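Coordinates in review
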Amino acid sequence: MKENKLRLLVRVIEEVEFGPKTCIEGAKLIISKSELTDLLAQDPVFAKVEISITRPGDNVRIINVSDVVEPRFRVLGNDFPGVLGKIEAVGFGDAYVLRGVAVVETNVLGTALYRGIIDHSGEGARFTPYSLTNNVVIVCQPKDQSVDKYEYAWAIRRAALKASVYLAKAAGKSEPEFIEEYDLDKVGDADASGLPRIGYLQQIVSLQHEDLRNPFNQKEPIVYGYGPLPSLPTLLHPNEILDGAIMAGYGRGAVFSLYSLQNNSFIKELYHRHGSELLFSPGVLTIIVPTSMEEKDRVASMAAQLAGSVLKLDGIVISRDWTGAGETTQALLCEKMEDRGIKTVVTVRGASADNSLSDFVTIFSDKADAVVSCGNGYDTVTLSPVSEVIGGEVFRLRSGVAIENLSGKFSIQLVYVVDAVNFAGISRVTTMVS
Amino acid sequence: MGEIKVIHYLNQFFGGYGGEDKADLGPVFLEKPVGPGALLQERLKGIGRVTGTIVCGDNYFGENQEKATRTLLGMVEKCRPDLVIAGPAYKAGRYGFACGSICQEIQEHLKIPCVTGMNALNPGTAQFRSDVYIVETGETPRKLRDDIMKMVNVGLKLVLHEKLGAPSEEGYFPRGRVITVIGNETSGRRAVDMILAKVKGTPWQTEIPIPDVEIVPMAPGISDLSASTIALVTDGGLTLAGNPDHIPNLNAKTFTQIGVSETSGLSGNSYEVHHVGYNDAYVLEDPNRLVPVDVMLSGEGKAYARLHPVVYSTSGAVTSKLNGQAIGRQIAARLIEAKVDGVILTST
């Protein structure tokens, strides 16, 4: 029987610095700046690639963040299938992880859909997990400033993934500090009896921002690389999500980073309690959020059917993507699951710019009686002044307005603080109703 | 901060003047705690005291609201208290109204923190809970001491600018506000805790209560469609080139008007799209995809008489409920003035 066990061999890294050769010495990662730069600069889209290291406590602001990736290297190879690796199932075998390091992808054109900021110090640092990681920041200047925005997004996506694998390879065949094992089959049928079957549903991406006539938008890697996205709900093994099979799509990394998918907190929590308090369903329901109402009805009905008749779930956590379409779909999923007797928890994000409960969500079903808040993306935080800004010259809000004094103190909505509001459950930012 | 000065507001009954027969009592100021004020005083020992009690009849307040409010504000202003405690009013509706109202006025005009208390069934709760801190009480004064304690605890935190806990911790009715906090656990952990509780049937607390939906009644149907004028309205963020009315990409508060030519429809002008929620490439190619002016013009004189020659447009991305309602009312006023009979509202 094929193994479904994923083992993350975790090297804990406390320091990162540039040096002559990329390697790990104890808890220190040393990076050959020239070797990594040359590797990434091979991409014909780029005129110049700059790599910086930023550390916890630095008085630094990283802007135009379009994604964050944890350095990973699968011993069996085939990292990030369909993008770097060949298209083959992942989610099993051993993979080295450099924990405490994050590769930060920036989009200097400012065209990422959800572009973000990481502050290492001051008030903003409290809201992003990446104030506490050692960040390897990649800034790529395109040869042509008027390059197709999807072509550029595709190029920086590949650069970040290549850097992630390159760095993790430095772990070589070294001893991990600890091993995280993800093995659902560890719990046999005997242990399983009496435990509630709990599932998880992940919305991967919404189609509403896509322009599928654009060849580079078509190449956007989301599920096992690029290609037409499944408009019917499907099942993935949770390990596939942890092991790089899916990404949230170009420029959504500020709120749904690949790092957060690799460390999906819903999945990890369900694993923690697998066999003791619950049985974690081996099929994670995944959906692509469609744009038409009929397709939303279809995907929700079919997902509820799978949850009930196939997975036989007692309960399910329904998470989401950023969009309003995702929220509508979430509400439909909740109703249809509850109608079948499957208990639901719905994880939401707020859209209230004036701190009012009535604008928080557009879910109106009284079946949504167990709601977890992943934070209010439209509440503001005041960032503290910094000495240095990396990641471009301009940071533009989605309204089109550019931030005036980038290194100064300014208020900004939480949607722009990377993973402050996050849909893989990794953030502790939440909401109190008062 | 020195001694905390508290003014206590009571009605005629709790103030010791009498029952219904004394409900017409005009405002009286006493320089000491009265009735339940003794419990207030007890709680404040060591940190402050009740420097005065204002008693006012429930009917007097209800029937002379403006005058009574002016008098009461004057009395409070003269005392310069740090905090005002009103009631608790329990289930008494007129008393609840007076407490909620006077607290709201004092907060707004004198900027002094206020706390009152009443039961969930008191109409004053629904009316004032968004603006005034109302501690939840039972229906009767059976637990008066506890109720007063909670009211003072909330009040002191307001006065001392200490962080107020969640409504369920402190005992006040949620005010419909949301505050961002950084918790101890990830949302992943909290979601799994919650699903387990729900499946096992043990109690859980939803983090976001789903608000009640206001059902908007449907307008009556068009009596004679063949004679009617139909207008197109959209929240897809279409604007004339240059966005003359500055429609934002999200959080809109206004709308714009786009003239439609009888002969050439939408062509003859160039357009922009201001809306973060969808890819505008298709609409920029042909705005009729968002507002089907071409189809509506070709249908004139058939099922309906004519297409109104103005399209009303705003951006519907992340629109607050209040702003949405305001924009809707403004557009409706224009439609009524133009004698439009029906609207096709297009979205994305």
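Structure: above.
Definitions and limits used
- Residues numbered from 1 in each chain as written.
- Chains lettered and ligands numbered in written order.
- Predicted model: local features only at pLDDT ≥ 70, side-chain atom pairs only at ≥ 80, totals over all residues.
- Heavy atoms only, no water.
- Buried < 20%, exposed > 50% of the residue type's maximum accessible area, 1.4 Å probe, protein only.
- Helix = DSSP H or I, 4+ residues; strand = E, 2+ residues; numbered from the N terminus.
- Pairing = 2+ DSSP bridges.
- Axes fitted to C-alpha atoms, helices over the stretch in contact; angles between N-to-C directions.
- Left-handed = near helix turned anticlockwise from the far one by under 90°.
- Contact = heavy atoms within 4.5 Å.
- Nonpolar A, V, L, I, M, F, W, Y, C, P; charged D, E, K, R; others polar.
- Polar contact = N/O pair within 3.5 Å; in protein donor to acceptor, adjacent residues only side chain to side chain.
- Core = buried A, V, L, I, M, F, W, Y, C linked by side-chain atoms within 4.5 Å.
- Buried area = accessible area lost by both parts, 1.4 Å probe.
- Salt bridge = Lys/Arg side-chain N within 4 Å of Asp/Glu carboxyl O.
- Patch = residues over 30% accessible without salt bridge, like charges linked within 9 Å, V, L, I, M, F, W, Y side chains within 5 Å.
- Areas by Shrake-Rupley, 256 points an atom, 1.4 Å probe, with all protein chains shown as cover.
- Expected span 1.5 Å × (residues − 1).
- Arc of directions from axis to C-beta.

Quick look at the pairing of strand S10 (residues 116-119) of chain A
All names here are of chain A. Residues Gly116 and Ile118 point to one face of S10 and Ile117 and Asp119 to the other, with burial holding for every one of them. Pairing between strand S6 (residues 60-69) and S10: three bridges, direction antiparallel. Bridging from a neighbouring strand, isoleucine 62 pairs with isoleucine 118 of S10.

Brief notes about the packing of helix H1 (residues 33-41) of chain A against helix H2 (residues 149-169) of chain A
All names here are of chain A. In the contact formed by H1 and H2, the axes pass within 10 Å of each other and the chain directions differ by 145 degrees. Helix-helix and strand crossings are classified by hand; for H1 and H2 the assignment is right-handed. Contacts between H1 and H2 involve Glu35, Leu36, Leu39 and Leu40 from the former and Ala159, Lys162, Ala163, Tyr166 and Leu167 from the latter. Considering only residue class, the contact of H1 with H2 consists of seven nonpolar, no polar and two charged.

Looking at the sheet that holds strand S4 (residues 28-31) of chain A
All names here are of chain A. In spatial order, the strands read S2-S4-S3; together these three strands make up an open sheet with mixed pairing. Single-partner strands in this sheet number two, and they are strand S2 (15-18) and strand S3 (23-25). If you compare each strand with its neighbour and ignore which way they point, the axes differ by 25 degrees on average. One ladder, built from four bridges, connects S2 with S4; its direction is parallel. In the strand pairing of S4, glutamate 17 is matched with isoleucine 30.

With respect to the environment of threonine 256 of chain B
All names here are of chain B. Position of threonine 256 relative to the elements: it lies in strand S10 (residues 256-259). Put simply, threonine 256 and glycine 15 are 241 residues apart on the chain and 57 Å apart in space, counted from C-alpha to C-alpha. Beyond its immediate chain neighbours, meaning those up to four positions away, threonine 256 contacts Leu238, Thr239, Asp245, Ile247, Val311, Tyr312 and Ser313. One polar contact links threonine 256 to aspartate 245, side chain to side chain, over a distance of 2.6 Å.

Quick word on the nonpolar core
Of all hydrophobic cores here, the largest spans 123 residues; its most connected members are Leu29 and Ile412 of chain A. It is H2 of chain A that contributes the most residues to this core, 11 residues altogether. In this view, isoleucine 412 of chain A contacts Ile117, Asp379, Thr380, Val381, Leu383, Phe395, Leu397, Ile403 and Val417 of chain A; residues no more than four positions away in its chain are not counted. Membership of the second largest hydrophobic core comes to 56 residues, among which are Cys56, Ala68, Leu73 and Met151 of chain B.

Some words on the sheet that holds strand S1 (residues 6-12) of chain A
All names here are of chain A. The strand order across the open sheet built from four strands is S7-S8-S1-S12, with neighbouring strands paired in mixed fashion. Since the sheet does not close on itself, it has two edges, and those belong to strand S7 (72-74) and strand S12 (178-182), each with one partner. Direction aside, the axes of adjacent strands within the sheet are offset by 20 degrees on average. Sheet topology note: the S7/strand S8 (residues 93-99) ladder contains three bridges and is antiparallel. Note on S8: the bridge partner recorded for arginine 74 is alanine 95. Of the strands in this sheet, S7 and S8 touch H2, which is tilted by about 75 degrees from S7.

Quick look at the interface of chain A and chain B
Tallying the contact residues gives 66 residues for chain A and 52 residues for chain B. In terms of surface lost to chain B, no three residues of chain A exceed Arg428, Met432 and Ser434 of chain A, which account for 15% of the buried area on that side. Where chain A packs against chain B, one counts four salt bridges. For arginine 213 of chain A, the salt bridge identified is with glutamate 285 of chain B, shortest N-O distance 2.7 Å. The tally of links from chain A across to chain B stands at 33 residue pairs in polar contact (both at pLDDT 80 or more). Elements represented by at least two residues in the side of chain A that touches chain B include exactly helix H8 (265-272), strand S17 (315-318), strand S18 (343-350), strand S19 (371-376) and strand S23 (429-433) of chain A. Broken down by class, the residue content of the side of chain A that touches chain B amounts to 30 nonpolar, 20 polar and 16 charged. As paired elements, S23 of chain A and strand S7 (residues 178-182) of chain B share five bridges and run antiparallel to each other. Bridge pairing links methionine 432 of chain A to isoleucine 179 of chain B in S7 of chain B.

A short note on the pattern of salt bridges
Enumeration over the complete set of coordinates arrives at 36 salt bridges over all chains. Residue arginine 94 of chain B pairs with glutamate 20 of chain B through a salt bridge whose shortest N-O separation is 2.8 Å. Note that arginine 94 of chain B is positioned in helix H4 (residues 93-110) and glutamate 20 of chain B in the loop between strand S1 (4-11) and strand S2 (28-30), a separation of 74 residues in sequence. Assessed through its relative accessible area of 39%, arginine 94 of chain B is described here as partly exposed. Close ionic contact of glutamate 285 of chain B with arginine 289 of chain B constitutes a salt bridge, the shortest N to O distance being 2.8 Å. Three or more residues are tied together by salt bridges with common partners; here these are Glu269, Arg273 and Glu277 of chain A together with Glu185, Arg189 and Asp193 of chain B.

What about a nonpolar patch on the surface?
Among the surface-exposed residues, Phe364 of chain A together with Val213 and Ile215 of chain B lie close enough to one another that they form a single nonpolar patch of about 320 Å² accessible area. Position of phenylalanine 364 of chain A relative to the elements: it lies in the loop between S18 and S19.

Notes on the side chain of serine 352 of chain A
Tracing the sequence through the fold places serine 352 of chain A in the loop between S18 and S19. Given the relative accessible area of 0%, serine 352 of chain A is considered buried. Within the structure, serine 352 of chain A has its side chain in polar contact with the backbone nitrogen of asparagine 355 of chain A (distance 3.1 Å). Look past the residues within four positions of serine 352 of chain A in its chain and what remains in contact with it is Asp359, Phe360, Asn376, Tyr378 and Asp379 of chain A together with Val178 of chain B.

As for the environment of valine 16 of chain A
All names here are of chain A. Turning to its location among the elements, valine 16 is positioned in strand S2. It is 19 Å that separates the C-alpha atoms of valine 16 and glutamate 388, two residues lying 372 residues apart in sequence. Sequence-distant contacts of valine 16, that is, excluding residues within four places in its chain, are made with Leu29, Ile31, Ile53, Arg55, Val101 and Asn134.

Focus on the environment of phenylalanine 178 of chain A
Residues and elements named next belong to chain A. Considering the arrangement of structural elements, one finds phenylalanine 178 in strand S12. Residues phenylalanine 178 and alanine 325, 147 residues apart in the sequence, show an inter-C-alpha distance of 40 Å. Apart from the residues lying within four places of it in its own chain, the contact partners of phenylalanine 178 are Leu8, Leu9, Val10, Val12 and Arg99.

Regarding helix H10 (residues 324-339) of chain A
Side chains of residues three or four places apart in an α-helix project in the same direction, reflecting 3.6 residues per turn. Helix length check: H10 of chain A, at 16 residues, gives a terminal C-alpha distance of 23 Å against a target of 22 Å (1.5 Å per residue), a fit within 8%. All of the buried residues in H10 of chain A are Ala325, Gly326, Glu327, Thr329, Gln330, Ala331, Leu332, Leu333, Cys334, Met337 and Glu338 of chain A. Those residues of H10 of chain A that are buried are in contact with strand S13 (197-206), strand S16 (284-289), helix H9 (293-310), S17 and S18 of chain A together with helix H8 (187-200) of chain B. Count one or two residues on from H10 of chain A and you reach glycine 341 of chain A, which has phi positive near 85 degrees.

Remarks on H1 of chain A
Residues and elements named next belong to chain A. Among the residues making up H1, those that are buried are Leu36, Thr37 and Leu40. On an axial view of H1, the arc spanned by its buried residues comes to 100 degrees, and they lie on one face. Contact partners of the buried residues in H1: S4, strand S5 (46-54), strand S11 (134-142) and H2.

Examining the side chain of arginine 252 of chain A
Within the fold, arginine 252 of chain A resides in the loop between helix H5 (238-242) and helix H6 (253-256). Once residues within four sequence positions are removed from consideration, arginine 252 of chain A is found in contact with Ser66, Leu113, Tyr114, Val205, Ser206, His209, Glu210, Glu220 and Ser257 of chain A.

These values are about where atoms sit, not about what they do.
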